[in-house]
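Chains, contacts and geometry: an overview
The lines below spell out each chain.
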Amino acid sequence: MIRLGPAHADSLADAALDHLAHAHLAVVAGSAKSRTQFGSAVLRRLDGFESCRSIRVAPSRDHRPEAILMRLRHSLSKQTHPNTMLEKKCDPSNERLALGSEYSAIMQSIHQHLRAVDDCRWQVVLWPDAGLMAERWPDIFDQVIEVVQHAVRLREFRDEEPPTLHRWILLGSSALEDRVENPLGPLRRSDGLPGLLLKLT
């Protein structure tokens, strides 16, 4: 895991975009104001990239875990064309992801939306509620990251070219940082994808 910072939000955003070419998940820990400034700085820079779609998931006012996941799913669904949605309810990989998940229907839908994107080279998702999810419901947070990682592997490591490259920027407090740095956390698993940890001031 690469650690950058502390630094000003603008300079850190530039550095983060360089490293996101290799890191699928960027975890941004710091104060709420710093995280907001960083997110805005990243999105401004992404506007200038050709064939790049940026998705900012609006924070949910309803702090129930299912409401947060529904907001995430809604933001992803707006970027997916209905005729490209994958209908593979009997796919063994989908069944594996659903095991033990109280929110399996939502997770499956998120997974399908991530796999169905095919009209852009890069899709960057900024998720402000990641820290809240990791702090209050760490098991559900890990399930979301597992779904993301699984979809990324299916999209980016296949024979068809060019695949859509998914990059996720997770915003949160120190609880999110602790979660991903935990030896059992999502960025430390042997089958996990490369992660980037950014510390804001």
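Residues numbered from 1 in each chain as written. Predicted model: local features only at pLDDT ≥ 70, side-chain atom pairs only at ≥ 80, totals over all residues. Heavy atoms only, no water.

For the protein, the count of helices and strands is eight helices and six strands. Listing the helices and strands of the protein from first to last along the sequence gives β-α-β-α-β-α-α-α-β-α-α-β-α-β. Looking at the protein residue by residue over its 201 residues, the buried ones come to 52%. Of the contacts formed within the protein by residues at least 6 apart in sequence, a portion of 79% connects residues at least 24 apart. (Helix = DSSP H or I, 4+ residues; strand = E, 2+ residues; numbered from the N terminus. Buried < 20%, exposed > 50% of the residue type's maximum accessible area, 1.4 Å probe, protein only. Contact = heavy atoms within 4.5 Å.)

Each full turn of the α-helix corresponds to 3.6 residues, which orients residues three or four apart in the same direction. Taking 1.5 Å per residue, 15 residues should reach 21 Å; helix H2 (residues 32-46) reaches 21 Å between its end C-alpha atoms and fits that length. What H2 keeps buried is the set Ser34, Arg35, Phe38, Gly39, Ala41, Val42, Leu43 and Leu46. (Expected span 1.5 Å × (residues − 1).)

A separate point is the packing of helix H3 (residues 65-77) against helix H5 (residues 104-116). Packing of H3 against H5 brings their axes to within 9 Å, and their N-to-C directions diverge by 20°. Overall, the two elements H3 and H5 adopt an arrangement that is roughly parallel. In the crossing of H3 with H5, the sense of the turn from one axis to the other is left-handed. Contacts from Glu66, Leu69, Met70, Leu72, Arg73, Leu76 and Ser77 of H3 reach H5 at Ala105, Ile106, Met107, Ser109, Ile110, His113 and Leu114. (Axes fitted to C-alpha atoms, helices over the stretch in contact; angles between N-to-C directions. Parallel < 35°, antiparallel > 145°, perpendicular 65-115°, else oblique. Left-handed = near helix turned anticlockwise from the far one by under 90°.)

Attention now goes to the pattern of salt bridges. Pairing between side chains of opposite charge can happen when the charged atoms of each approach one another. Under the counting rule described, the total for this entry stands at two salt bridges. One salt bridge connects Asp62 with Arg64, and the closest N-O pair in it is separated by 2.8 Å. For Asp62, a relative accessible area of 31% corresponds to the partly exposed category. Overall, the relative accessible area of 44% leaves Arg64 in the partly exposed class. Between Arg64 and Glu66 there is a salt bridge whose closest N-O contact spans 3.4 Å. When salt bridges that share partners are traced, they join Asp62, Arg64 and Glu66 into one network. (Salt bridge = Lys/Arg side-chain N within 4 Å of Asp/Glu carboxyl O.)

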